[in-house]
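Remarks on the overall topology
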Amino acid sequence: MGNKTEINAKGKEKAEALLNVEDLSLSFIQYTSGLRQTELKVISNLSIQANRGEILAVVGSSGSGKSLLTHAILGILPSNAKLDGKIEYDGQVLTQKDKEDLRGKEIALVPQSVTYLDPLMKVSNQVIGAVEKGKEDLMKKLQREIFQQYNLKPEVERMYPHELSGGMARRVLVSTAVMSPAKLIIVDEPTPGLDEKTLNETLSYLKDMANKGSAVMLITHDIEAALKISDKIAVFYAGTVLEVANVEDFKNDGENLRHPYTQALWNALPQNKFQAIEGHQPMQDEVVDGCVFYERCYKKNELCSKGIPQIKKINGGVVRCNNVS
Amino acid sequence: MSLKGENISFGYKKNNLILNNVSISLDRGDVLGLIGDSGSGKSTLCKILAGYENNYQGKVSIDGKEVPKKGYNPVQLVFQHPEKSVNPKWKMKDILNEGSNISQDILDSFGIKKNWFNRWPNELSGGELQRFSLARALGPETRYLIADEITTMLDAITQAQIWNMVLDIVKERNIGVLVVSHEKNLIEKICHKVVYFKDINNVKHY
Amino acid sequence: MSTAAVNVNRSLFKGLNLRQKTLLILGLTSFLLLAIVVSSLFIDNESLPTDFGSKNLSPSLEHPFGTDWMGRDMLTRTLKGLGLSIVIGALASLISAVLTVILGLLSSAGKAADSFVAWLVDLTLSIPHLLLIILISIGLGGGAQGVIIGVASTHWTSLTRIVRAEIKQLKTQDYIHISRNLGKSKWWIATKHILPHLIPQILLGTILMFPHAILHEASVTFLGFGLSPHEPAIGIILSESMRYLSAGYWWLAFFPGLSLLIVVLTFDLIGENLGKLMDPKNAHE
């Protein structure tokens with residue numbers, strides 16, 4: 001029965017974690033040549049937590065697995081995907097059916113582009129979504145208010161998705177999440193195409209949602225935007241999390257950052273050193289035995305090429321690196 | 001030696017102009033930054049300068065002469081989304097060499113590896129595809145490069161990598177670059193001169 | 001471990017992955033159709049002896065489809081008829097596909113050419129299908145040639161529409177503009193960039209045109225405007241048997257009709273499975 005107390009203790013520790021992803025691995029079964037199939041591993045040993053009232057930014061380049069993680073949480077992976085590990089929501093392990101039940105209600109996605117909207121449905125109906133009878137007027141009013149806040153003219157309501165310009169579309173998509181009662185909000189790449197003013201507004205709405213007690217997961221490659229509002233930043237690389245850092249760690253030359261990749265990312269910003277490290281993220285079909293960052297790391301030693309480094313907790317953050325203390 | 005757009009106006013409807021009387025000039029060897037909000041018509045201006053869009057008023061010229069409509073255009077445009085700039089049914093080496101045989105020097109400086117050549121576009125990441133798009137656009141006859149938000153979708157390291165390479169190449173080959181972006185920090189870092197789009201476009205936006 | 005893991009529960013079909021299953025179905029169905037065509041080639045008039053001693057026999061082991069009023073074996077006649085139908089269908093579909101490719105490429109050449117193609121499609125579509133086939137068929141003096149040309153010249157419209165829409169959409173792609181800016185000609189872009197996207201569509205469209213072509217050929221012949229009565233076509237068999245139906249010789253129409261249906265459905269099955277193979281969405285299942 002010692003087991004049970006352990007679980008309880010663990011549960012307490014993660015009391016505020018609304019979403020808890022543990023040791024997640026994702027692979028796709030693909031045809032290689034002709035009729036043979038192989039497995040392509042795209043996410044491996046990934047653990048991450050999103051807490052109520054906090055914004056967690058998931059930062060990574062394209063191909064780092066950040067979008068696939070959201071697909072896994074929402075249960076919208078294609079049928080050739082193979083998922084291992086655990087996804088817990090509010091303390092409960094999610095099955096595919098749970099995901100389908102929760103998405104749109106408890107878990108909302110702010111998609112990247114209008115192609116996620118129904119092309120044959122007017123914008124306002126999609127923003128409001130399905131509501132109970134009697135509440136339509138209230139929702140309509142709320143939607144008008146939000147549209148006004150987002151600088152969307154009243155005629156936008158009656159438009160169809162293809163009539164929206166890029167920036168307008170983005171604002172419409174964000175307003176759908178603002179309208180929804182979801183507790184976990186996943187925002188997929190909200191920043192490209194937004195001008196500074198709209199960007200700051202969008203970010204402040206995300207902050208509002210977090211302040212109201214929702215957990216917000218901000219998926220982005222734009223570390224600057226992430227730094228403006230997030231509480232924690234998870235750095236993705238080649239299908240795994242290399243570091244979860246607090247926003248305060250990003251300052252000066254990045255000496256408080258735990259992982260060399262995070263430091264490199266910070267120093268590559270144009271307002272910092274604009275310094276690029278060499279090399280590429282390993283491709284999905286390249287087999288890496290050791291640390292995924294080994295090739296590009298300046299701190300590497302022999303140990304790093306053998307086996308994936310263990311997760312360490314340092315200074316209130318988490319890092320997967322052999323060479324930090 | 002310059003690419004000039006003079007008094008350019010453009011609109012899908014007569015009373016609703018996207019560009020109104022825009023003039024811009026890009027010298028060879030110059031790195032000119034153009035800052036503007038999304039949806040303000042920057043991309044349309046880029047397309048007009050690169051000869052993608054023909055129904056406009058005004059004049060685009062290189063050294064006072066009209067840009068030839070046929071053959072290799074000395075003004076090459078690179079877009080924000082590299083995955084849309086490549087034919088998904090082509091292999092990477094065909095994509096790369098569509099315009100001209102791209103020299104080994106350029107491949108080396110962009111860090112394009114030979115073992116990517118036989119891959120399909122969907123097997124490469126956005127950053128890798130953008131390297132191919134840029135290398136393809138930097139054929140020997142290219143004189144001006146228009147970079148429309150080319151690193152907006154990329155992570156900071158890849159952005160720094162790509163710009164450092166592009167800046168080296170254009171300096172060596174005396175190519176003029178128009179850097180279009182909404183990111184002030186980036187433009188301030190890499191450009192010699194900066195133009196604000198709202199200052200040159202006489203259109204009011206909501 | 002991958003391949004092994006996928007193939008754990010191996011029963012007749014379960015152990016195969018989707019691609020293997022699809023290919024198996026494709027192989028079997030194509031074999032069936034090919035067998036019909038090949039066997040029909042070996043049937044000549046000598047294998048269809050008139051034998052008034054065994055006329056109008058109901059289906060039996062010796063004559064699974066029964067015999068007709070001249071004592072001919074209906075199975076043999078049906079096979080011969082189906083073979084002819086498939087060949088005519090194949091020719092008509094192929095001609096239609098060639099027309100589609102030509103018109104498709106033409107429509108990508110320029111605005112005027114595109115309007116011409118659109119006009120031609122609308123014009124053809126504005127006349128009822130069957131009527132047009134009958135008109136062309138009669139105009140060309142009937143017979144196999146008339147039917148083939150009649151069917152071919154009416155069935156390209158829907159596929160051409162699809163191809164034209166696809167071309168329109170492709171032409172807005174950035175990589176097409178880029179190609180033009182890299183100095184490539186319209187013809188070069190049409191064949192190198194656009195055509196590879198159209199090939200799967202056209203292949204699929206051609207195969208799905210088969211059943212239409214076959215059914216139209218059969219119905220035109222049934223109505224008496226198509227193949228001449230001495231040809232062993234399914235349409236002829238069906239129209240002849242109509243006269244004997246009231247006498248209770250149901251097998252004369254039932255088995256040939258059913259066989260025609262099976263052939264048509266087989267083509268649909270092939271089309272559907274080819275579509276699965278080509279569709280990138282489930283390309284990896």
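Structure's up top.
The present account deals with the structure reproduced in this document. (Residues numbered from 1 in each chain as written. Chains lettered and ligands numbered in written order. Predicted model: local features only at pLDDT ≥ 70, side-chain atom pairs only at ≥ 80, totals over all residues. Heavy atoms only, no water.)

1. A word on the overall build of chain C
- In terms of regular secondary structure, chain C is built from 10 helices and 0 strands.
- Ordered by position in the sequence, the α and β elements of chain C form the string α-α-α-α-α-α-α-α-α-α.
- In terms of principal-axis extent, the alpha carbons of chain C reach across some 80 × 60 × 30 Å.
- Intrachain contacts of chain C at a sequence separation of at least 6 include 69% that bridge at least 24 residues.
- Accessible surface for chain C amounts to roughly 14,100 Å². Of this, 69% is attributable to carbon and sulfur atoms.
- When the 20 positive and 17 negative side-chain charges of chain C are each reduced to one mean point, those points stand 13 Å apart. (Helix = DSSP H or I, 4+ residues; strand = E, 2+ residues; numbered from the N terminus. Contact = heavy atoms within 4.5 Å. Areas by Shrake-Rupley, 256 points an atom, 1.4 Å probe, with all protein chains shown as cover. Lys, Arg positive; Asp, Glu negative; His and termini not counted. Charge placed at Lys NZ, Arg CZ, Asp CG, Glu CD.)

2. Brief notes about the packing of aromatic side chains
All names here are of chain A.
- The full count for this structure, using the stated rule, is 16 aromatic pairs over all chains.
- Geometrically, the ring pair formed by Y237 and F293 is edge-to-face, given 5.4 Å between the ring centres and 85° between the ring planes. Highlighted residues: Y237 in strand β9 (residues 232–237) and F293 in the loop between α9 (260–267) and β11 (311–314), separated in sequence by 56 residues. Take Y237 and F293: they sit in the same class, and that class is buried. (Phe/Tyr/Trp six-rings, centres within 6.5 Å; stacked < 30°, edge-to-face > 60°. Buried < 20%, exposed > 50% of the residue type's maximum accessible area, 1.4 Å probe, protein only.)

3. Digging into the side chain of B:S181
- Examined against the element boundaries, B:S181 turns out to sit in strand β8 (residues 176–181).
- Once residues within four sequence positions are removed from consideration, B:S181 is found in contact with B:L34, B:I35, B:G36, B:K42, B:E149, B:L186 and B:I187.

4. Overview of the side chain of A:N246
All names here are of chain A.
- Along the chain, the position of N246 falls in strand β10 (residues 240–246).
- Side-chain polar atoms of N246 contact the backbone oxygen of G316, separated by 3.2 Å.
- When neighbours within four sequence positions are excluded, N246 is seen to be in contact with D231, K232, R258, N315 and G316. (Polar contact = N/O pair within 3.5 Å; in protein donor to acceptor, adjacent residues only side chain to side chain.)

5. Notes on the layout of surface pockets
- Volume-wise, the second largest pocket comes out at about 1,400 Å³.
- If you trace the second largest pocket, you find 43 residues lining it, with B:Y52, B:N54, C:H177, C:R180 and C:K186 closest to the centre.
- Ranked by the residues each element gives to the lining of the second largest pocket, the list is headed by helix α7 (residues 174–181) of chain C, at 5 residues.
- Residue composition of the lining of the second largest pocket, by class: 14 nonpolar, 14 polar and 15 charged. (1 Å grid on protein atoms, 1.4 Å probe; cavity = no way out; pocket = protein on both sides within 12 Å on 5 of 7 lines; lining within 4 Å. Points joined across faces, edges and corners; volume = space filled by probe spheres on them. Nonpolar A, V, L, I, M, F, W, Y, C, P; charged D, E, K, R; others polar.)

6. So, the pairing of strand β12 (residues 317–320) of chain A
All names here are of chain A.
- Pairing of β10 with β12, which is carried by 2 bridges, proceeds in the antiparallel orientation. Pairing of E243 across the sheet is with V319, part of β12.
- Note that β11 and β12 share 4 bridges and pair antiparallel. Looking across to β12, one finds that K313 is bridged to V318.
- Following β11, the chain reverses through 2 residues before pairing antiparallel with β12; N315 in that reversal takes a positive phi of roughly 50°. (Pairing = 2+ DSSP bridges.)

7. A look at the environment of B:L178
Residues and elements named next belong to chain B.
- By secondary structure assignment, the location of L178 is in strand β8.
- For the pair L178 and K189, spaced 11 residues apart in the sequence, the C-alpha separation amounts to 14 Å.
- Apart from the residues within four sequence positions on either side, L178 is in contact with I24, L26, L32, L34, L49, L145, I146 and A147.

8. Some details on the interface of chain A and chain B
- With 32 residues of chain A in contact, the opposing surface of chain B contributes 33 residues.
- Summing both sides of the interface, chain A and chain B together bury roughly 2,600 Å²; the carbon and sulfur share of this comes to 57%.
- Its largest share of buried area at the contact with chain B, chain A owes to A:F274, A:H280 and A:M283, together 27% of the area lost on that side.
- At the junction of chain A with chain B, the criterion picks out 0 salt bridges.
- Counting across the chain A and chain B interface gives 5 residue pairs in polar contact (both at pLDDT 80 or more).
- When residues of the side of chain A that touches chain B are traced back to their parent elements, those giving at least two are α6 (166–179) and α9 of chain A.
- In terms of residue count, the dominant contributor to the side of chain A that touches chain B is α9(A) (3 residues). (Buried area = accessible area lost by both parts, 1.4 Å probe. Salt bridge = Lys/Arg side-chain N within 4 Å of Asp/Glu carboxyl O.)

9. Topic: the sheet that holds strand β1 (residues 17–31) of chain A
Residue and element names in this part refer to chain A.
- Spatial ordering of the open sheet is given by β2-β1-β4-β5, a layout of 4 strands whose pairing is antiparallel. Each having just a single partner strand, β2 (37–51) and β5 (92–93) make up the two edges of the open sheet.
- Where β1 and β2 come together, 11 bridges link them in antiparallel fashion. What sits directly across from L24, in β2, is L46.
- Packed on one face of the sheet, helix α2 (residues 66–74) meets β1, β2 and β4 (81–89) and runs near 105° to β1. (Axes fitted to C-alpha atoms, helices over the stretch in contact; angles between N-to-C directions.)

10. Points about the pattern of salt bridges
- Counted under the stated rule, the structure contains 19 salt bridges over all chains.
- Taking the shortest distance from any N to any O, the salt bridge between B:D30 and B:K193 comes out at 3.3 Å. Of the two residues, B:D30 sits in the loop between β2 (19–27) and β3 (31–35) while B:K193 sits in strand β9 (residues 193–196), which places them 163 residues apart along the sequence.
- Among the residues examined, B:D30 registers a relative accessible area of 16% and is labelled buried.
- Judged by its relative accessible area of 42%, B:K193 is partly exposed.
- When the shortest N-O distance is used, the salt bridge between C:R164 and C:D114 registers 2.7 Å. Here C:R164, found in helix α6 (residues 143–171), pairs with C:D114, found in helix α4 (residues 111–126); they are 50 residues apart in sequence, far enough to count as distant.
- In this structure C:D114 comes out as buried when scored by relative accessible area, which is 13%.
- Members of the salt-bridge network, linked through shared partners, are A:K140, A:R144 and A:E157.

11. Details of the packing of helix α8 (residues 186–222) of chain C against helix α9 (residues 234–245) of chain C
Residue and element names in this part refer to chain C.
- With their axes 7 Å apart at the nearest point, α8 and α9 run at an angle of 40° to one another. By the criterion of interaxial angle, the relationship of α8 to α9 is oblique. As for how α8 packs across α9, the hand of that crossing is right-handed. Side by side, α8 and α9 meet where A218, T221 and F222 of the first sit next to G235, I236, L238, S239 and M242 of the second.
- When the residues that make up the contact of α8 with α9 are grouped by side-chain class, the tally is 5 nonpolar, 3 polar and no charged. (Parallel < 35°, antiparallel > 145°, perpendicular 65-115°, else oblique. Left-handed = near helix turned anticlockwise from the far one by under 90°.)

12. Things to note about unusual backbone geometry
- Of note, the phi angle at A:D90 is positive, near 55°, even though the residue is not glycine.
- Tracing the backbone shows A:D90 in the loop between β4 and β5.
- Although it is not a glycine, B:N174 adopts a positive phi angle of roughly 60°.
- Positionally, B:N174 belongs in the loop between α5 (156–173) and β8.
- According to the relative accessible area criterion, B:N174 is partly exposed, its value standing at 37%.

13. Remarks on the packing of helix α4 (residues 126–137) of chain B against α5(B)
Residue and element names in this part refer to chain B.
- Running from N to C, α4 and α5 point in directions that differ by 15°, and their axes come no closer than 11 Å. On the basis of the axis angle, α4 is roughly parallel to α5. Judged by the twist between their axes, the crossing of α4 over α5 is right-handed. Across the interface between the two elements, G127, Q130, R131 and L134 of α4 pack against T158, Q161, I162, M165 and V166 of α5.
- For the contact of α4 with α5, the residue count by class is 4 nonpolar, 4 polar and 1 charged.

14. Structural notes on the sheet that holds β10(A)
All names here are of chain A.
- Across the sheet, which stays open at both edges, the 8 strands sit in the order β6-β7-β8-β3-β9-β10-β12-β11 with mixed pairing between neighbours. Taken across any chain shown, the strands that pair with only one partner, and hence form the sheet edges, are β6 (107–110) and β11. In this sheet, neighbouring strand axes are inclined to one another by 20° on average, regardless of whether the strands run parallel or antiparallel.
- Seen against the sheet, helix α7 (residues 196–211) touches β3 (55–59), β7 (184–188) and β8 (215–220) and runs at an angle of roughly 150° to β8.

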